[in-house]
Amino acid sequence: MRNRISLVSSAAMVAAAGLVLSGCASAADDSNGDAAADGDISICYVTAAEAHPYVTPANEAFDEAAAEAGVTVTRLSQEFDVQTGTEQLNTCIGQSPDGIVLWPLDPQAYIPGLISAQDAGIPVVLINSPMDDEALEFVTSFTGPDTYNQGVIAADLLNDLLGAEGNVVIIAGQAGNGTTIGRTDGFTERLDELGSSIEVLQIVNADFDQQKALEASRDLITRFGDDLDAVYANDDTMARGFIDAWAESGRSLDDIPPIMGINGQQDAFESIKAGQFFATIVQSPREDGKLALNTIVSAARGEAVEARIPIPLTTVTIDNVDDVEPAL
Amino acid sequence: MNARRNIFTSDAFHGLVRNRVVIILAATLIIGATFVPGFLEFRTASLGLDRMATLGLVAIGLTVVLIAGQLDLSGGAILALSGIATIGLQAELGQIPAAFVGLGVGIAAGAINGFLVVVLRINSLVATLASMLFFRALAHLITESRPVSGIDPFFGLAVSRPIGGTFTGRTLIFFVLIILLHLWLTRSVAGRQLFAVGSNPASAEASGIRSRAYLFGAFVFSGTMAGVAGVIQSLSVNTGSPVFGENIVLIAIAAVVIGGTRLEGGRGSALGTLGGLLTIAALTTAMEYQSVPSYVQAIVTGVILLLLILLDRTVSGSQRRDVTLAALWRRARSSRSSRITERTLHHEK
C-alpha cells in the first residue's frame, strides 16, 4: 500500500514538474541567447508589450544593442497594463540590477517606484513615453521622442493645409497614456495658440489598435461623413483603421479627407504615394530602443548623461516620401 | 483487478487531487529554486507576495461570491473607481477621509450588485457584466479618461514598502484578511450556512437560512474587498486611473478556482485561494526572472487551470471521502502503527 502511494505521488509530481519545467527551460535558453556571456552589467527592462508593431522592433533593437555592449537584460512586459507595470518596477528594484529602463504607460503612477529605485541607488532611464515633470527628478534620463512636439507639428501641418478652418476628428491612443496625452494636447493646444478656426469635432480612443480604430472610424464616418475636412490619428496604425473604414463604407478612396499620422510606418508611406494619406512623422522604434539601452549603460557605468535625449523626427509628405526611409 | 481503475480510485490519487494546490505550489517552488538564483531568498519572496496582495484582496471577495454560487466580474472596475475617489478627493478632504470615501465607493458598488442579483433577480454573470461596464464607464467619465494624481507621492509608500524588514503593508493586510476569512468560513455558523446557500439556495431557505440575505451580503463583501484593493493600489502608486484593474478579475477567478473553489457554488476554502494565489505569484516571479514573455506565462497558467479542472472531474463522483492532508497523514500513521504492532507481536512469538 505504501509503495503504491509513493509511486503514484512521485509520478504526479514529475508530471506537474514537467509542465512548469517546459515553460521555464525554453525561456532559459532564450535569455542565455540574448545576454552576452560574462557581462558584469545587468539591466532590468520593463517594456510596454511583447507583440506590437512599434514596441517589438524597439525591444529587438534594445536586445541587439545590449548584446553588443555585453550587458545582461531581464525583460518584463506590462502588456499595456499600468498596474502590472508598477508592480514589475518593484520586482526590478528587488533584483538590484545596475540600471532600470522603464517604458511608462502613465504620467504619474510609477513615481513611488521611482523613489524606491532612487533610494536603492539604481539609475533609471525612461524610454519612449513621457512622464510628468515631478517624475523627472527621480530618473537619470528620458530618451524618446518629444510627443508633445509631434502634436504641435501635426497641428501646424493641418492648419496650413486647411487654411486655418474646417472640421477634424482625432483618433487618439489609449486613454491616460503619456504618448496619447502629449500627441493630443500638443495638437489641440497648438491650434488654440495659432488662433485657428479648425474645430475638433470628436476625440475617440482607439488604443493604438487598428481594429479598434476601424470600429471607431465607422461611427465617425456615419456621424460626420462629408463634413470631415481632415483626420488626425495618434499613430499610423490607427490611421490605417480609418482608411479601411472609409473603403468599407463604399466611398471612393479618392475623396478621403487628408489624414495626418505619426510613426512613419511602411504602409503609411505607400498610402502617401497613393494620395490617400497627407503626412506622417517618422519616429524610429529601433533608434528608440538602442538609445535607451546605450543611455542606461552609460549611467550604470557612472558616466554623465543628458537628462533629456530626444530621437530625431522627420516629417514626411508627398514631397519627400521617396527620399526618406520608413521607420517600421 | 483493473490496475488503471485502481489508481483512479485509490486514496493516494484522491489525496493528490484534493491537495493539488499544495503539490503544484511545491513543484513551482522547487523549479523556481532550481532555475532562478536567489528565488527562495526572503526578499524575493517578500516582493513576490507583494505582487500578489492587490490581486489577493480581489480574490478574497470572489471566494465568498463563488462559494455562494455566484460570479462577480465588476471587481476591477470597482477597484478603479474607488482608487479615483481615494486620490481625486485628497485635495478637498485630506488623505485619510478620502481613503474612507474610496472604501465607501466599494461598499456602495457591492450593494448595487447585490440589488441587481437579489432584488431584481438578474443572473449574477449578466448583472455584474453590466455593472462592470457601467462602473468602468463612470470612471472614465468623471476623470475625462485621464489619470488623477495625489498630493504627496511619499504618503502611500507605507503600503508598498516592507515593514520592519518583513512584508509590505499591503501583504500584511492581505494575510490578516484571508486568515479572518478562513476562520469565518470554517468556525462560524454563518460561514457554514454560506456553503449551504451556495449548494442549494432553495433548500437552504427551506431549512431556515435567509439565502437572499447571504447572497446580498456576498456581493457587498466582494465590492468592499475590491474597494480595499482600490484604495491600497491607488495609494501605493499615488494615482487613480480609469484603466486600473482591467485584467485583475479574470486572474483572481483563476486563482480562486486553482484553489479548489467551484464555480457551481457550495465548495471552496480561503486557504485554497491562498494556495492558488501563491502558485500564481511564484509562477509569475519565476518566469519573470527568466524573462519569459508574458504570453507564455499565460499559457502555463491556462494549462494548470485546465489540468486541475479535469483532475477535479475524475474524482467528483466520490467527494465525500475525507482525503485532506491531515486525514491522509492520520491514516498513514495508523496503518504504520498497526504494522509495527504486528511486527512486535511477531517478535514476541
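Thresholds, definitions, all that
- Residues numbered from 1 in each chain as written.
- Chains lettered and ligands numbered in written order.
- Predicted model: local features only at pLDDT ≥ 70, side-chain atom pairs only at ≥ 80, totals over all residues.
- Heavy atoms only, no water.
- Contact = heavy atoms within 4.5 Å.
- Polar contact = N/O pair within 3.5 Å; in protein donor to acceptor, adjacent residues only side chain to side chain.
- Helix = DSSP H or I, 4+ residues; strand = E, 2+ residues; numbered from the N terminus.
- Nonpolar A, V, L, I, M, F, W, Y, C, P; charged D, E, K, R; others polar.
- Buried < 20%, exposed > 50% of the residue type's maximum accessible area, 1.4 Å probe, protein only.
- Lys, Arg positive; Asp, Glu negative; His and termini not counted.
- Salt bridge = Lys/Arg side-chain N within 4 Å of Asp/Glu carboxyl O.
- Disulfide = S-S within 2.5 Å.
- Right-handed = clockwise from strand over helix to strand, strands pointing away.
- Pairing = 2+ DSSP bridges.
- Phe/Tyr/Trp six-rings, centres within 6.5 Å; stacked < 30°, edge-to-face > 60°.
- Domains from an automatic or database assignment.
- Buried area = accessible area lost by both parts, 1.4 Å probe.
- Axes fitted to C-alpha atoms, helices over the stretch in contact; angles between N-to-C directions.
- Core = buried A, V, L, I, M, F, W, Y, C linked by side-chain atoms within 4.5 Å.
- pLDDT = per-residue confidence, 0-100.
- Left-handed = near helix turned anticlockwise from the far one by under 90°.

### Observations regarding the interface of chain B and chain A
- Contact residues are listed per partner, giving 51 residues for chain B and 51 residues for chain A.
- Summed over the shared surface of chain B and chain A, the result is seven residue pairs in polar contact (both at pLDDT 80 or more).
- Contributing elements (two or more residues each) for the side of chain B that touches chain A: α2 (11-18), α3 (20-35), α4 (42-67), α13 (211-237), α15 (270-289) and α16 (294-315) of chain B.
- Counted by class, the side of chain B that touches chain A contains 26 nonpolar, 16 polar and nine charged residues.

### Some remarks on the side chain of Arg-183 of chain A
Residue and element names in this part refer to chain A.
- Mapping Arg-183 onto the fold places it in helix α7 (residues 178-194).
- Although Arg-183 is buried, it makes no salt bridge; Asp-235 carries the closest opposite charge, 5.5 Å away.
- Separated by 2.6 Å, the side chain of Arg-183 and the backbone oxygen of Asn-234 make a polar contact.
- Not counting chain neighbours up to four residues away, the residues in contact with Arg-183 comprise Thr-147, Gln-150, Gly-151, Phe-208, Tyr-232, Asn-234, Asp-235, Ile-262, Asn-263 and Gln-283.

### Quick look at the state of the cysteines
Residue and element names in this part refer to chain A.
- Scanning the model with the defined rule gives one disulfide over all chains in all.
- There is a disulfide in this structure between Cys-44 and Cys-92, and the S-S distance comes to 2.0 Å. On the sign convention where negative is left-handed, the bridge of Cys-44 and Cys-92, at about -75° about the S-S bond, is left-handed. Of this pair, Cys-44 sits in strand β1 (residues 42-47) while Cys-92 sits in helix α3 (residues 82-94), and the two are 48 residues apart along the sequence.
- Here Cys-44 falls in the buried class, since its relative accessible area comes to 1%.

### A word on the pairing of β1 of chain A
Residue and element names in this part refer to chain A.
- Extensive coverage of β1 is indicated by the burial of five of its six residues.
- You can see the chain leave β1, run along helix α2 (residues 55-69) and come back into strand β2 (residues 72-77), and the turn it takes is right-handed.
- Sheet topology note: the β1/strand β3 (residues 99-102) ladder contains four bridges and is parallel. Counted as the bridge partner of Cys-44 is Ile-100 from β3.

### Digging into the packing of aromatic side chains
All names here are of chain A.
- Applying the stated criterion across every chain yields a total of eight aromatic pairs over all chains.
- Arranged with centres 4.2 Å apart and planes meeting at 25°, the rings of Phe-187 and Tyr-232 form a pair that is stacked. In this pair, Phe-187 sits in helix α7 while Tyr-232 sits in strand β8 (residues 230-233), placing the two residues 45 residues apart along the sequence.
- Assessed through its relative accessible area of 0%, Tyr-232 is described here as buried.

### Topic: the environment of Gly-150 of chain B
All names here are of chain B.
- Tracing the backbone through its elements, the reader meets Gly-150 in the loop between β1 (148-149) and α9 (157-160).
- It is 38 Å that separates the C-alpha atoms of Gly-150 and Leu-29, two residues lying 121 residues apart in sequence.
- Leave out the neighbours within four places in its chain, and Gly-150 touches Ile-87, Gln-90 and Asn-238.

### So, the pairing of β2 of chain A
All names here are of chain A.
- Where burial is concerned, most of β2 is hidden: five out of the six residues are buried.
- In this sheet, β2 lies alongside β1 in parallel orientation, the contact comprising six bridges. The residue of β2 that forms the bridge with Cys-44 is Thr-74.

### Topic: the pattern of salt bridges
Residues and elements named next belong to chain A.
- Enumeration over the complete set of coordinates arrives at 14 salt bridges over all chains.
- Between Glu-193 and Arg-190 there is a salt bridge, and its shortest N-O distance comes to 2.9 Å. Taken together, the residues Glu-193 and Arg-190, both in helix α7 and three residues apart, mark about one turn of the helix.
- Owing to a relative accessible area of 57%, Glu-193 belongs among the exposed residues under this scheme.
- Assessed through its relative accessible area of 22%, Arg-190 is described here as partly exposed.
- Connected through salt bridges with shared partners, the residues Glu-50, Asp-63 and Arg-75 form a single ionic network.

### Points about the domain arrangement of chain A
All names here are of chain A.
- Domain annotation of chain A identifies domain 1 (42-145 + 285-310) and domain 2 (147-282).
- Carbon and sulfur atoms make up 49% of the area that domain 1 and domain 2 hide from each other, which totals about 800 Å².
- Taken together, the links from domain 1 to domain 2 amount to zero salt bridges.
- Here domain 1 and domain 2 share three residue pairs in polar contact (both at pLDDT 80 or more) between them.
- Among the residues forming the side of domain 1 that touches domain 2, the class breakdown is seven nonpolar, three polar and one charged.

### Here we look at the sheet that holds strand β9 (residues 259-260) of chain A
Residues and elements named next belong to chain A.
- The sheet built from four strands is open, its strands ordered β7-β6-β8-β9 with parallel pairing. Where the open sheet ends on each side, the last strands, each with one partner, are β7 (197-205) and β9.
- Of the strand pairs in this sheet, strand β6 (residues 165-172) and β7 are connected by eight bridges, and their pairing is parallel. Bridging from a neighbouring strand, Glu-165 pairs with Ser-197 of β7.
- Of the strands in this sheet, β6, β7, β8 and β9 are in contact with helix α6 (residues 147-162), which crosses β8 at around 170°.

### Examining the nonpolar core
- Core analysis: the largest hydrophobic core is formed by 112 residues, its most contacted members being Val-101, Trp-103 and Leu-114 of chain A.
- In terms of residue count, the dominant contributor to this core is α4 of chain B (twelve residues).
- In contact with Val-101 of chain A, other than residues within four places in its own chain, are Ile-43, Cys-44, Tyr-45, Val-46, Phe-62, Val-125, Ile-127, Ala-292 and Ile-296 of chain A.
- Counting 31 residues, the second largest nonpolar core, distinct from the first, contains Ile-171, Phe-242, Ile-259 and Ile-272 of chain A.

### Details of the confidence of the model for chain A
All names here are of chain A.
- In the predicted model, chain A carries a mean pLDDT of 86, and the fraction of residues at 70 or more is 88%.
- Taken element by element, chain A is modelled with least confidence in helix α1 (residues 2-34), mean pLDDT 40, and with most confidence in β3, mean pLDDT 97.
- Every residue in residues 1-39 scores below 50 in pLDDT, and together they form 34 contacts with partners more than four places removed in sequence or on other chains.

### A closer look at the environment of Ser-249 of chain A
Residue and element names in this part refer to chain A.
- Along the chain, the position of Ser-249 falls in the loop between α9 (236-248) and β9.
- Through-space distance from the C-alpha of Ser-249 to that of Phe-142 is 42 Å; in sequence the pair is 107 residues apart.
- Among the polar contacts made by the side chain of Ser-249, one reaches the main-chain carbonyl oxygen of Trp-246 at a distance of 2.7 Å.

### Considerations on the packing of helix α7 (residues 95-119) of chain B against helix α8 (residues 124-143) of chain B
Residues and elements named next belong to chain B.
- Put simply, α7 and α8 touch, their axes get as near as 9 Å, and they point 145° apart. In this structure, the crossing between α7 and α8 has a hand that is right-handed. Only Ser-124, Ala-127, Thr-128, Ser-131 and Phe-135 of α8 make contact with α7, whose side of the interface consists of Ala-109, Ile-112, Asn-113, Leu-116 and Val-117.

### A short note on the sheet that holds β1 of chain A
Residue and element names in this part refer to chain A.
- The sheet built from six strands is open, its strands ordered β2-β1-β3-β4-β5-β11 with parallel pairing. The open sheet has two edge strands with one neighbour each: β2 and β11 (308-309).
- Docked against the sheet, helix α11 (residues 285-300) engages β1, β3, β4 (124-127), β5 (141-143) and β11, running at close to 170° with respect to β4.

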